[in-house]
Amino acid sequence: MRKKLLLIPLALLLAISLVAIGCPTPPETTTPPTTTAPPTTTPPKPETITLGFHSAQPATGLQATVHSGYFKMVEEAAQGKYILDIEYYPVGTLFGGAEIYEGVVKGVVDAGCSIFSYTPGRFPVIQTLSQGGIAPLVSADAGCRTAWEFYKKFKPKELDDVKVLYLICVPPGWLHSTTPIYKLEDIKNTDIRATGASATAIKALGANPTAMPQDEVYLSAQKGIINASIAPLEVLTSWKQAEVFHYSTFIPFAYCEQFFVVMNLEKWNSLPKDLQDAFDGVAEKAVKEAGQIWQANEQMAMDWAKEQPEGHEYLYLSDEETARWKELLKPIRDAYIADLNAKGFPGEDIVNGASEIAEESNKLEYP
């Protein structure tokens, strides 16, 4: 009996050992280290820059397209850091076309665009390009390049009171009229709307130039104050001049107008440096695109005017007649050199430079 009792504890001990051998202690579990997710960074909100911009054209004018695309280019060049809130003022809102430059200089508006020739004598160097026969152009593409290259070469001090953003040149000129014009005799003593340099050319051709901005042409033609106006085809649509003129005669050698796009200096100096760099960085592209848009629009304006109820006729001078007109414009070159010299500028260098840049631009191919 005693022997059996001794066997019981031994059996229990053996069982416990077998359990221990058959069921090893599970390995210690380790908790993986907690990883902290990188903090999400919200990109900084773009800063809004408000600019008042006055145009010499109506809200429906081509420049509205040109400038809206330009300001988008600037935003993209600034990599989205700024939103340009442009307050557009069409012509006549605050100023007529002739007052826009001074309005920008004085800070009434932050920036603006108008035609140099609206203020005769104010921009003698840049208006070399507008003189009849000095720098005739084949297209708006060539004109915009010529204006910009000329500005970069000569940097006229007459523009030092603003920040020049870029320059535009309209397409070659047409003489829009109430009656057809085929020869010089057709404009003899005729009252023709022409401003600045084109007025000099019109006078040399034997007509009577009448200075006025585009916003006055429609009523003046309607009332018989003028019989014709020298301008690109774009005015037939944006200014609705196809309603008062039914003929257009091509005279590219007598007309070339440049637009300025400028900003008030105080406003410019208040802009962040990287935004200023963005404006400067897109200037070349803006010049090219403006030329492309203006030139493409010429064909659209031509087609549109043709389709109007009364139609529109486009006339071209014969080679012989063209030579007669050009001959009358030749004295303008020497007279303008003398005028620049009298004002203290190197007249011959400036005039020759204008001609050379125009010739080079005319030879290039454009998209």
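Residues numbered from 1 in each chain as written. Predicted model: local features only at pLDDT ≥ 70, side-chain atom pairs only at ≥ 80, totals over all residues. Heavy atoms only, no water.

1. Structural notes on unusual backbone geometry
Right, on to step 1. The phi torsion at K155 lies on the positive side, around 40 degrees, for a residue other than glycine.
Right, on to step 2. Relative to the helices and strands, K155 is located in the loop between α4 (140–154) and β4 (162–169).
Right, on to step 3. K155 sits in the partly exposed class, given a relative accessible area of 48%. (Helix = DSSP H or I, 4+ residues; strand = E, 2+ residues; numbered from the N terminus. Buried < 20%, exposed > 50% of the residue type's maximum accessible area, 1.4 Å probe, protein only.)

2. Observations concerning the side chain of S220
Right, on to step 1. Mapped onto the elements of the fold, S220 is located in helix α6 (residues 217–222).
Right, on to step 2. Residue classification places S220 among the buried residues on the basis of a relative accessible area of 8%.
Right, on to step 3. Beyond its immediate stretch of four places on either side in the chain, S220 contacts M212, I225 and I226. (Contact = heavy atoms within 4.5 Å.)

3. Re the pattern of salt bridges
Right, on to step 1. In the structure shown here, the tally under the stated rule is 14 salt bridges.
Right, on to step 2. As a salt-bridge pair, R122 and E102 come within 3.6 Å of each other at their nearest N and O atoms. Pair noted here: R122 is in the loop between β3 (111–115) and α4 and E102 is in helix α3 (residues 100–105), with a separation of 20 residues, a long-range link.
Right, on to step 3. Through salt bridges with shared partners, one network takes in E102, R122 and D161. (Salt bridge = Lys/Arg side-chain N within 4 Å of Asp/Glu carboxyl O.)

4. Digging into the environment of L364
Right, on to step 1. Here L364 lies in the segment after α12 (347–363).
Right, on to step 2. Placed 223 residues apart in sequence, L364 and D141 show a C-alpha to C-alpha distance of 9.3 Å.

5. Here we look at the packing of aromatic side chains
Within a pair of aromatic rings, the relevant descriptors are the distance that separates the centres and the angle that separates the planes.
Right, on to step 1. Taken as a whole and assessed by the stated rule, the structure comprises 19 aromatic pairs.
Right, on to step 2. Centroid distance F53 to Y88: 6.0 Å. Interplanar angle 75 degrees. Geometry classified as edge-to-face. In this pair, F53 is assigned in strand β1 (residues 47–55) and Y88 in strand β2 (residues 82–89), connecting sequence segments 35 residues apart.
Right, on to step 3. Geometrically, the ring pair formed by Y70 and Y166 is tilted, given 4.6 Å between the ring centres and 45 degrees between the ring planes. Here Y166 lies in strand β4 and Y70 lies in helix α2 (residues 62–77), a separation of 96 residues in the sequence.
Right, on to step 4. Since its relative accessible area comes to 1%, Y70 is described here as buried.
Right, on to step 5. A relative accessible area of 0% places Y166 in the buried class.
Right, on to step 6. These aromatic residues form a ring-pair network of at least three members: F53, Y70, F71, Y88, Y166, W268 and F279.
Right, on to step 7. When the ring centre of F154 is taken as origin, the NZ or CZ atom of K153, which lies over that ring, is 5.5 Å away. (Phe/Tyr/Trp six-rings, centres within 6.5 Å; stacked < 30°, edge-to-face > 60°. Lys NZ or Arg CZ within 6 Å of the ring centre and 35° of its normal.)

6. A few points about the confidence of the model for the protein
For residues with low pLDDT, the predicted coordinates do not support detailed interpretation.
Right, on to step 1. For the protein, per-residue confidence averages 89 on the pLDDT scale, and residues scoring 70 or more make up 88% of the total.
Right, on to step 2. Contacts for the low-pLDDT stretch residues 1–27, under 50 throughout, to residues beyond four places or in other chains number zero contacts. (pLDDT = per-residue confidence, 0-100.)

7. What about the nonpolar core?
Right, on to step 1. In terms of nonpolar packing, the biggest core is built from 92 residues, with Y70, Y166, L275 and F279 touching the most fellow members.
Right, on to step 2. What L275 contacts, discounting residues up to four positions off in sequence, is I49, V74, A78, Y82 and L84.
Right, on to step 3. Membership of the second largest hydrophobic core comes to eight residues, among which are L233, L236, A242 and Y314. (Core = buried A, V, L, I, M, F, W, Y, C linked by side-chain atoms within 4.5 Å.)

8. Observations regarding the sheet that holds β1
Right, on to step 1. The five strands lie next to each other as β2-β1-β3-β10-β4, forming an open sheet whose pairing is mixed. Single-partner strands in this sheet number two, and they are β2 and β4. Adjacent strand axes in the sheet meet at a mean angle of 20 degrees, parallel and antiparallel pairs treated alike.
Right, on to step 2. Pairing geometry for β1 and β3, over three bridges, is parallel. Bridge pairing links H54 to G112 in β3.
Right, on to step 3. Each of β4 and β10 (258–264) is contacted by α4, which is oriented at about 150 degrees to β4, the strand it contacts most.
Right, on to step 4. Packed on one face of the sheet, helix α9 (residues 273–281) meets β1, β2, β4 and β10 and runs near 65 degrees to β2. (Pairing = 2+ DSSP bridges. Axes fitted to C-alpha atoms, helices over the stretch in contact; angles between N-to-C directions.)

9. Re helix α5 (residues 196–204)
Right, on to step 1. Along α5, the residues classified as buried are G196, A197, S198, A199, A201 and I202.
Right, on to step 2. Buried-residue contacts for α5 involve β5 (174–177), β6 (191–193), β7 (208–210), β8 (228–231) and α11 (319–342).
Right, on to step 3. Positive phi appears at G206, one or two residues downstream of α5, with a value of about 100 degrees.

10. Notes on the sheet that holds β6
Right, on to step 1. Read across the open sheet, the six strands follow the order β7-β6-β8-β5-β9-β11; overall the sheet is mixed. Only two strands of the sheet have a single partner each, and these edge strands are β7 and β11 (313–316). Within the sheet, the average angular offset between the axes of one strand and its neighbour, ignoring direction, is 30 degrees.
Right, on to step 2. Judged from the two bridges that link them, β6 and β8 form a sheet pairing that is parallel. Bridged to I192 within β8 is A228.
Right, on to step 3. This element, α5, spans β5, β6, β7 and β8 of the sheet and lies at about 160 degrees to β7.

11. Here's the deal with the packing of α4 against α12
Right, on to step 1. Look at α4 against α12: their axes get within 9 Å of each other, and the N-to-C directions meet at 140 degrees. Crossing of α4 over α12 shows right-handed handedness. Only D349, I350, G353, A354, I357, A358, E360, S361 and N362 of α12 make contact with α4, whose side of the interface consists of A142, R145, T146, E149, F150, K153 and F154.
Right, on to step 2. Tallied by class, residues from the contact of α4 with α12 come to seven nonpolar, four polar and five charged. (Left-handed = near helix turned anticlockwise from the far one by under 90°. Nonpolar A, V, L, I, M, F, W, Y, C, P; charged D, E, K, R; others polar.)

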